[in-house]
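Each chain, letter by letter, is given below.
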Amino acid sequence: MGCCGSVERTKREWRPLEDRSCTDLPWFLLFTVFCVGMGSICSFTIVTGGAARLVFGYDSYGNTCGQRNERIEGVQLSGLDHTDRKFVFFLDPCNVDIVQRKIKSMALCVSLCPTEELKTYQDLKRFAMLNGSELCSYDMAGHKYPDLPERVSKCPKLPVPPSKPLPVFNRCTPVDISCYAKFAEAVVTFVGDNSVLHRLIAGVAASKEIIIGLCVLALGENLTTMITFYDTSVPLYDPHGDHSLHLGRPPGTSVLWWLYIDHRLYGNSTTNKVQEDVELSRDSGQALLVYAGAATVFTIILLLLMLFMRKRVALTIALFHVAGKVFIHLPLLTLQPFVTFLALLLFWIYWILVLLFLGTSGNPVQNEETGLTEFRLTGPLQYLTWYHAVGLVWITEFILACQQMTVAGAVVTYYFTRDKNRLPVTPILSSVLRLVRYHLGTVAKGAFIITLVKIPRLFLMYIHNQLKGKENACSRCLLKTCICCLWCLEKCLNYLNQNAYAATAINSTSFCTSARDAFVILVENALRVATINAVGDFVLFLGKILIVTTTAFAGVLLLNYQRDYAEWLLPLIIVCLFSFLVAHCFLSIFEIVVDVLFLCFAIDTKYNDGTPGKEFFMEKALMVRTSETHEAGTCGLVPSFRLFSLIQG
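Residues numbered from 1 in each chain as written. Predicted model: local features only at pLDDT ≥ 70, side-chain atom pairs only at ≥ 80, totals over all residues. Heavy atoms only, no water.

In the nomenclature of an unreviewed UniProt entry, the protein corresponds to Choline transporter-like protein from the organism Cyclopterus lumpus. The UniProt entry for the protein carries the following comment under Sequence similarities (unreviewed entry): "Belongs to the CTL (choline transporter-like) family." According to the UniProt record, the Function (unreviewed entry) comment for the protein reads "Choline transporter." (UniProt positions renumbered as here; feature names shortened; annotations may be inferred.)

Colleague: Explanation requested: the nonpolar core in the structure shown.
Modeller: Side chains of nonpolar character tend, in soluble globular proteins, to be buried together. Within the largest apolar cluster, 67 residues are counted, with the highest numbers of intra-cluster contacts made by Val326, Leu333, Phe398, Tyr415, Val593, Val596 and Leu597. Per-element tally for this core: the top contributor is helix H13 (residues 383-415), with 14 residues. Aside from chain neighbours lying at most four places away, what touches Leu597 is Leu319, Val322, Ala323, Val326, Val411 and Tyr415. (Core = buried A, V, L, I, M, F, W, Y, C linked by side-chain atoms within 4.5 Å. Buried < 20%, exposed > 50% of the residue type's maximum accessible area, 1.4 Å probe, protein only. Helix = DSSP H or I, 4+ residues; strand = E, 2+ residues; numbered from the N terminus. Contact = heavy atoms within 4.5 Å.)

Colleague: Before we go on, may I ask you to explain the UniProt feature "transmembrane region" (unreviewed entry) in the protein in this structure?
Modeller: Residues annotated in UniProt with the feature "transmembrane region" (unreviewed entry) correspond here to residues 25-47, 288-308, 338-358, 386-416, 436-460, 538-562 and 568-601. The distance separating the terminal C-alpha atoms of residues 25-47 is 32 Å; by composition the span is 100% helix and 0% strand. Strand forms 0% of residues 436-460 and helix 100%; the C-alpha atoms that close the span are 35 Å apart.

Colleague: I would appreciate a short explanation of unusual backbone geometry in the present structure.
Modeller: Note: most residues except glycine have negative phi, and most peptide bonds are trans. Between Leu158 and the following residue, Pro159, the backbone shows a cis peptide bond with an omega angle of -5 degrees. A positive phi is found at Asp24, a non-glycine position, where the angle reads about 55 degrees. Following the sequence through the fold, Asp24 ends up in the segment before helix H1 (25-47). When its relative accessible area of 12% is taken as the criterion, Asp24 is described as buried. In this structure, Leu77 takes a positive phi of about 60 degrees despite not being glycine.

Colleague: What am I meant to see in the state of the cysteines here?
Modeller: As used in these notes, a disulfide is a covalent bond between sulfur atoms, one from each of two cysteines. Per the counting criterion, the structure on display carries three disulfides. Each sulfur in the disulfide pair Cys136 and Cys155 lies 2.0 Å from the other. The chirality of the disulfide connecting Cys136 with Cys155 is right-handed, given an S-S dihedral of about 115 degrees. Of this pair, Cys136 sits in the loop between helix H3 (121-131) and helix H4 (151-154) while Cys155 sits in the loop between H4 and strand E5 (163-165); the two residues are 19 residues apart in sequence, bridging distant segments of the chain. By the burial criterion, Cys136 is buried, and Cys155 matches it. With no disulfide of its own, Cys474 lies 7.0 Å from the sulfur of Cys477, the closest cysteine sulfur. (Disulfide = S-S within 2.5 Å.)

Colleague: Explanation requested: the confidence of the model for the protein in the structure shown.
Modeller: For any part of a model where pLDDT is low, the fine detail of the predicted coordinates should not be relied upon. Across the protein, the average pLDDT comes to 76, with 72% of residues at or above 70. Mean pLDDT values over the elements of the protein span from 35, in helix H20 (residues 639-648), up to 94, in H1. This stretch, residues 234-249, has a pLDDT under 50; its non-local contacts, to residues over four places away or in other chains, come to 34 contacts. Counted against residues more than four places away or in other chains, residues 624-649, with its pLDDT under 50, gives 38 contacts. (pLDDT = per-residue confidence, 0-100.)

Colleague: Looking at this structure, I do not really get the pairing of strand E4 (residues 107-110). What am I missing?
Modeller: Where burial is concerned, the two faces of E4 agree: the one with Ala107 and Cys109 and the one with Leu108 and Val110 are both buried. Across four bridges, strand E1 (residues 87-90) lies against E4 in antiparallel orientation. Directly across from Phe89, in E4, lies its bridge partner Leu108. (Pairing = 2+ DSSP bridges.)

Colleague: What is the right way to read a nonpolar patch on the surface from this model?
Modeller: On the surface, Phe341, Leu345, Ile349, Ile352, Leu353 and Leu356 cluster together into a nonpolar patch covering about 520 Å² of accessible area. Summarising the element assignment, Leu356 is placed in helix H12 (residues 336-359). When its relative accessible area of 39% is taken as the criterion, Leu356 is described as partly exposed. (Patch = residues over 30% accessible without salt bridge, like charges linked within 9 Å, V, L, I, M, F, W, Y side chains within 5 Å. Areas by Shrake-Rupley, 256 points an atom, 1.4 Å probe, with all protein chains shown as cover. Salt bridge = Lys/Arg side-chain N within 4 Å of Asp/Glu carboxyl O.)

Colleague: Is there a simple way to think about helix H16 (residues 511-524) in this case?
Modeller: Each α-helix turn comprises 3.6 residues. Residues three or four places apart therefore point the same way. Relative to the 20 Å expected for 14 residues at 1.5 Å per residue, H16 spans 20 Å between its end C-alpha atoms, a close match to the ideal helical length. Inspection of H16 places Phe511, Ser514, Ala515, Asp517, Ala518, Ile521 and Leu522 among the buried residues, and these make up the whole buried set. One side of H16 carries all its buried residues, which in axial view fall inside an arc of 165 degrees. (Expected span 1.5 Å × (residues − 1). Arc of directions from axis to C-beta.)

Colleague: Where do I start with the packing of H13 against helix H14 (residues 427-466) in this structure?
Modeller: The description of two packed helices rests on the angle between their axes and on the distance between the axes. Orientation of H13 relative to H14, taken along the N-to-C sense of each, is 140 degrees, at an axis distance of 5 Å. Between H13 and H14, the interaxial angle falls into the category oblique. Once H13 is placed against H14, the crossing between them reads as right-handed. Here the residues of the contact of H13 with H14 sort into 20 nonpolar, seven polar and three charged. (Axes fitted to C-alpha atoms, helices over the stretch in contact; angles between N-to-C directions. Parallel < 35°, antiparallel > 145°, perpendicular 65-115°, else oblique. Left-handed = near helix turned anticlockwise from the far one by under 90°. Nonpolar A, V, L, I, M, F, W, Y, C, P; charged D, E, K, R; others polar.)

Colleague: Would you take a moment to explain the packing of aromatic side chains for this structure?
Modeller: Each aromatic ring pair is characterised by the separation of its centres together with the angle its planes make. Applying the stated criterion to the full structure yields twelve aromatic pairs. Measuring from ring centre to ring centre gives 5.2 Å for Trp27 and Phe448, while their planes differ by 45 degrees; the resulting arrangement is tilted. A residue pair is termed long-range when its members are at least 10 positions apart, and Trp27 in helix H1 and Phe448 in helix H14 qualify at 421 residues. Taking relative accessible area as the criterion, Trp27 reaches 22% and is therefore assigned partly exposed. Assessed through its relative accessible area of 24%, Phe448 is described here as partly exposed. Each ring, one from Tyr415 and one from Phe416, has its centre 5.2 Å from the other, and the planes form 70 degrees; the classification is edge-to-face. (Phe/Tyr/Trp six-rings, centres within 6.5 Å; stacked < 30°, edge-to-face > 60°.)

Structure follows, in structure tokens:
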């Protein structure tokens, strides 16, 4: 039935319903109004000229380049016609304020950027006469540049470097950006030896093809890991085969030690070497020694952890088996990270653009220090930036919550469908349609609750950074405690929200009702929840480490094959960070699937007992595998209850 025609049910059936109703409609309306406000901010910046000033640029008198301008009261040389002057030219482009991250020089609108170096005022005059582009202040005639006494303050600093306009933003940018070296110095002050920095950058530039290839390898590893979890769960679940996660570690560590020994032999076998090559070879050998030592320590720790957690891993692997099977039946789940990332990327780009528009919007104000005209939001308009900042957090959380609701809807459809051959053609798209039609209000409300916790935490983190080195020990400890408590609360609310979305996907109930029902189920299964979350998170963490170490190991082999690469550190760090981020995104989807499956399983075992009319929704293949692998606690119970007792542990 339609959104407004659905009726409230009197009995909860705990299974996906065809007859659904809209949930949390007031919150959907509130979120819609908020999004309209976000769009109104963008419209405001466009109407008031902020967007045009950002794109086309404006001079130090408030005139927008490339168009006619209205006169600004109290500002000389404003209201000029700059239709033919489309480029912004800075008289001193190297006068950069590192703290404020902006150019402090006077800006003018010119018709052409100087393409060659101008060393004297005669060169400025000749450039103005030949090209019609006057590079000095508007109140100075081009043919009088060499004779006017005010040329020192109203003309560009000599020599004028050659420049070219930016493709979109029409700013004349020096071709030689060496004058911006202060920015580079501020960024690389942590590097004491410039040669080290140069070698690191050279290593990245020389191995860019390998870096791209390893990133693609990491992406393929994540896709393969998610899809093949169904097959790999069989040896993991076998009491005699659960060492498959770490069987690859000792050979990998041995190969690293072999590479180190081979490198030492290779270095010693070459007698005629330049001193620089000897130093580079020594650095590579030390790097290999560090990698091999770290891999050895990691292997020992991993083997000990797997030895002591061997039996506990077996309690969770059954759910991992079903989760892997879900990905086989619902392959579109693997596209969820891409869709979510694309949505977040588009929104973040829009948000940054509007933020930049706001930076050039508002009323013209003369800077007391420089005397230049700037545009600032004053009065009530200054709160637009805060509104825009809240929108960043709320809408970002909304997009992430939509992903959780979509995955939960598809998984509960899979679980509560006894005949898997009768699944919808596209369960993911069906879940998306249900979300858009019925449950956007629930998602908006859950995202708003996270926003209420995240914004104070971010605000306290900002205060902590601003007061770093100024506050006393007591206030520093108090700030860190509050930040930590808010972070823990946010994580707990995220977990509860995820289960609330799953309950909404099952019963089509409001957010508060779903959160209460899910909370009751989780409390009743508190020990199993703790076990599955702890062991499951550990196994997923091992999966992330496996992907990262495999990618890093392949990188070591490739970089070792190309012995000219002296520095491996930065390329390997880039590859490892990328592989970890990708692994986190993809395995987070798998974690959501496991959590939703456990909630469905807990509901199934609570309201069904296997008798006629109350049959379990659990798959027979999972029951058979569980009964074959583990001994039943009580005779006469159906195999699914054996799994229930097993996980109850």
